[in-house]
Amino acid sequence: MRKILIVGAGQSGLQLALGLQAHGYDVTVMTNRTADEIRDGRVMSTQCMFDTALQHERDLGLNLWEDRAPRIEGLGVSVAGPDGARVVDWVGRLDGYAQSVDQRVKMAGWLEAFAARGGKVVVHGVTVSDLDYFSRTFDLVLVAAGKGELVSMFGRDASRSPYDAPQRALAVSYVHGLGPRPEHDFEAVRCNLVPGVGELFVMPCLTVSGRCDILFWEGVPGGPLDVFDGVKDPGEHLRLTLELMRAFTPWEYERAAGGVELTDAGATLAGRYAPVVRRPVAELPGGGLVLGVADVVVANDPITGQGSNNAAKCAAAYLDAIVGHGGKPFDRDFMQAAFDRYWDGAQHVTKWTNAMLAPPPEHVLNLIGAAGQLQPVADRFANGFDDPADFEHWFFEPEKASAYLASVAPQA
């Protein structure tokens, strides 16, 4: 039985561990927190997952909260005008519903399931010197912990990383008491664009205390939304969030008129990081090799909501690569090929996400505006969040955008 070590207990690490376990591998997961510490800790992300990523969980029987989490059937976009009114407002329908399950709920549950099925869980921080030893005692070592010392082993790929500084300041609040959007009677993620200032995302979620909504500001660094650094008090974090909603997205602030409150003491998160693609294989001081997973090697800004989706797709790609490799050595060529399989899809996410961080060109503004008049355009935007490769055909180039709109308008 081949022995595999996975460092990190997030979406990619645990999904891959549980998948390998189901195929009969001897899998060890190393994590710096117990399941209870994860469950009782601070929120870690916004994690809206679309149909393809959710299907990877279903394929492994890991969709343990699917019947309880809100079913997100649409994705809407609003653009704020200079007077605070919406100059664009539309919602596209998803072909398959999306869901967001608080990672504290999911990762704690998955970690417990992995242990209950006979998996080895080691709760301990991991250093590079630890990996040096483990690379000699395991057939394959994967690093799925996207922060800390271990990430620095994986060199930045400058050719795929156009930004060397954070492009947004991030602030998340999980709340109870937010009212529904009056424009539609189904659950939807709402993307509110404030040109030159940033974005507010509002999405339904399942958290430790049941259904909630996530309020997620992405602010241009140095701008009016960049006010969360150093804010330690969760109540002050929520106050600032609502104050900014009142100033820049009053139509969303109206939903809070009945009073909102944080779901729990760990319901806020703030920070920033530079989007980066790293080289997938790291060489240890003793000559051993380790393979980077998901955010370790492809860390996009969350403006397009692809983090957990990428993680699920990376875990699925690596699972197929490992199982298909049989008993052959997990050498550098294998590791690079496994990453290339993942990058085949992740490259489209990276291109799209980096494009959305920049001021939109005229043809993209035309597309966003057209979606308010042409429902097929709105629906295609929404479903691009599930399959970002589709944007290659109609979004990035003015000629393709014009041709697409010309083909849709007569139908409408």
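Residues numbered from 1 in each chain as written. Predicted model: local features only at pLDDT ≥ 70, side-chain atom pairs only at ≥ 80, totals over all residues. Heavy atoms only, no water.

### Description of the sheet that holds strand E7 (residues 140–143)
Phase 1: Strand order in the open sheet formed by 6 strands is E6-E2-E1-E7-E16-E15, and the pairing between neighbours is mixed. For this open sheet the edge positions go to strand E6 (120–123) and strand E15 (281–283), each flanked by a neighbour on one side alone. The average angle at which neighbouring strand axes cross in this sheet is 25 degrees, direction not considered.
Phase 2: Summarising the sheet, strand E2 (residues 26–31) and E6 pair through 4 bridges and their orientation is parallel. Residue pairing in the sheet places Met30 in a bridge with Val122 of E6.
Phase 3: Each of E7, E15 and strand E16 (289–292) is contacted by helix H9 (residues 332–357), which is oriented at about 5 degrees to E16, the strand it contacts most. (Pairing = 2+ DSSP bridges. Helix = DSSP H or I, 4+ residues; strand = E, 2+ residues; numbered from the N terminus. Axes fitted to C-alpha atoms, helices over the stretch in contact; angles between N-to-C directions. Contact = heavy atoms within 4.5 Å.)

### Notes on the packing of helix H1 (residues 11–22) against helix H4 (residues 103–116)
Phase 1: Closest axis-to-axis distance for the H1/H4 pair is 10 Å, and the angle between their directions is 25 degrees. Overall, the two elements H1 and H4 adopt an arrangement that is roughly parallel. The handedness of the crossing between H1 and H4 comes out as left-handed. The segment H1 lies against H4, with Gln11, Leu14, Gln15, Ala17, Leu18 and Gln21 engaging Gln103, Lys106, Met107, Trp110, Leu111, Ala113 and Phe114.
Phase 2: Looking at the contact of H1 with H4, its residues break down into 8 nonpolar, 4 polar and 1 charged. (Parallel < 35°, antiparallel > 145°, perpendicular 65-115°, else oblique. Left-handed = near helix turned anticlockwise from the far one by under 90°. Nonpolar A, V, L, I, M, F, W, Y, C, P; charged D, E, K, R; others polar.)

### Section: the pairing of strand E5 (residues 86–100)
Phase 1: Summarising the sheet, strand E3 (residues 48–49) and E5 pair through 2 bridges and their orientation is antiparallel. Note on E5: the bridge partner recorded for Cys48 is Ser100.
Phase 2: The pairing of strand E4 (residues 72–80) with E5 spans 8 bridges and is classified as antiparallel. Bridge pairing in E5 places Gly74 opposite Arg93.
Phase 3: Hairpin geometry of E4 and E5 is characterised by an intervening segment of 5 residues between the two adjacent antiparallel strands and by a positive phi of about 90 degrees at Gly84.

### Re helix H12 (residues 398–408)
Phase 1: The set of residues buried in H12 consists of Ala401, Tyr404, Leu405 and Val408. The buried residues of H12 occupy an angular sector of 95 degrees when projected down its axis, which confines them to one face.
Phase 2: Buried positions along H12 lie against helix H10 (362–371) and helix H11 (375–384). (Buried < 20%, exposed > 50% of the residue type's maximum accessible area, 1.4 Å probe, protein only. Arc of directions from axis to C-beta.)

### Regarding the pattern of salt bridges
Phase 1: Going through the model one piece at a time under the given rule, you end up with 27 salt bridges.
Phase 2: Across the pair Asp264 and Arg104 runs a salt bridge, and its minimum N-O distance is 2.9 Å. Of this pair, Asp264 sits in the loop between strand E12 (261–262) and strand E13 (268–271) while Arg104 sits in helix H4, placing them 160 residues apart in sequence.
Phase 3: For Asp264, a relative accessible area of 22% translates into the label partly exposed.
Phase 4: With its nearest N and O atoms 3.8 Å apart, the salt bridge here joins Arg279 to Asp157. Here the residue Arg279 occupies a position in the loop between strand E14 (276–277) and E15, and Asp157 occupies one in the loop between E7 and strand E8 (169–176), the gap between them amounting to 122 residues.
Phase 5: A single salt-bridge network, built from bridges that share partners, covers Arg86, Asp89, Arg181, Arg190, Glu252 and Arg255. (Salt bridge = Lys/Arg side-chain N within 4 Å of Asp/Glu carboxyl O.)

### A few points about the packing of aromatic side chains
Phase 1: Enumeration according to the criterion identifies 18 aromatic pairs in this entry.
Phase 2: Ring geometry for Phe201 versus Phe216: centroids 5.9 Å apart, planes at 35 degrees, classification tilted. Highlighted residues: Phe201 in strand E10 (residues 198–207) and Phe216 in strand E11 (residues 210–219), separated in sequence by 15 residues. The two residues Phe201 and Phe216 agree in class, both being buried.
Phase 3: Where Phe381 meets Phe395, the ring centres are 6.0 Å apart and the plane angle is 85 degrees; that geometry is what we call edge-to-face. Taken together, the residues Phe381 in helix H11 and Phe395 in the loop between H11 and H12 connect sequence positions 14 residues apart.
Phase 4: An aromatic cluster of at least three residues, connected via ring pairs, comprises Phe50, Trp90, Trp352, Phe381, Phe385, Phe391, Trp394, Phe395, Phe396 and Tyr404.
Phase 5: The ring centre of Phe138 lies 5.1 Å from the NZ or CZ of Lys3, which sits over that ring.
Phase 6: Stacked on the ring of Phe396, the Lys or Arg Lys351 has its end atom at 4.5 Å from the ring centre. (Phe/Tyr/Trp six-rings, centres within 6.5 Å; stacked < 30°, edge-to-face > 60°. Lys NZ or Arg CZ within 6 Å of the ring centre and 35° of its normal.)

### Quick word on unusual backbone geometry
Phase 1: For Gln47, which is not a glycine, the phi torsion comes out positive at approximately 40 degrees.
Phase 2: Residue position: Gln47 is located in the loop between helix H2 (35–39) and E3.
Phase 3: By relative accessible area, Gln47 is classed as buried at 5%.
Phase 4: Its identity as a non-glycine residue notwithstanding, Ala294 has a phi of 50 degrees, on the positive side.
Phase 5: With respect to the element layout, Ala294 can be found in the loop between E16 and strand E17 (298–299).

### Some remarks on the environment of Ala316
Phase 1: Along the polypeptide, Ala316 turns up in helix H8 (residues 307–325).
Phase 2: C-alpha of Ala316 to C-alpha of Ile4: the two residues are 312 residues apart in sequence and 16 Å apart in space.
Phase 3: When neighbours within four sequence positions are excluded, Ala316 is seen to be in contact with Gln15 and His56.

### Side note on the pairing of strand E9 (residues 188–194)
Phase 1: Most of E9 sits out of view: 6 of its 7 residues are buried.
Phase 2: Sheet topology places E9 next to E10; 5 bridges connect them, and they run antiparallel. Paired with Leu193 across the two strands is Glu199, which belongs to E10.
Phase 3: Counting the residues that bridge the hairpin from E9 to E10 gives 3 residues, and of these Gly196 lies at a positive phi of roughly 80 degrees.

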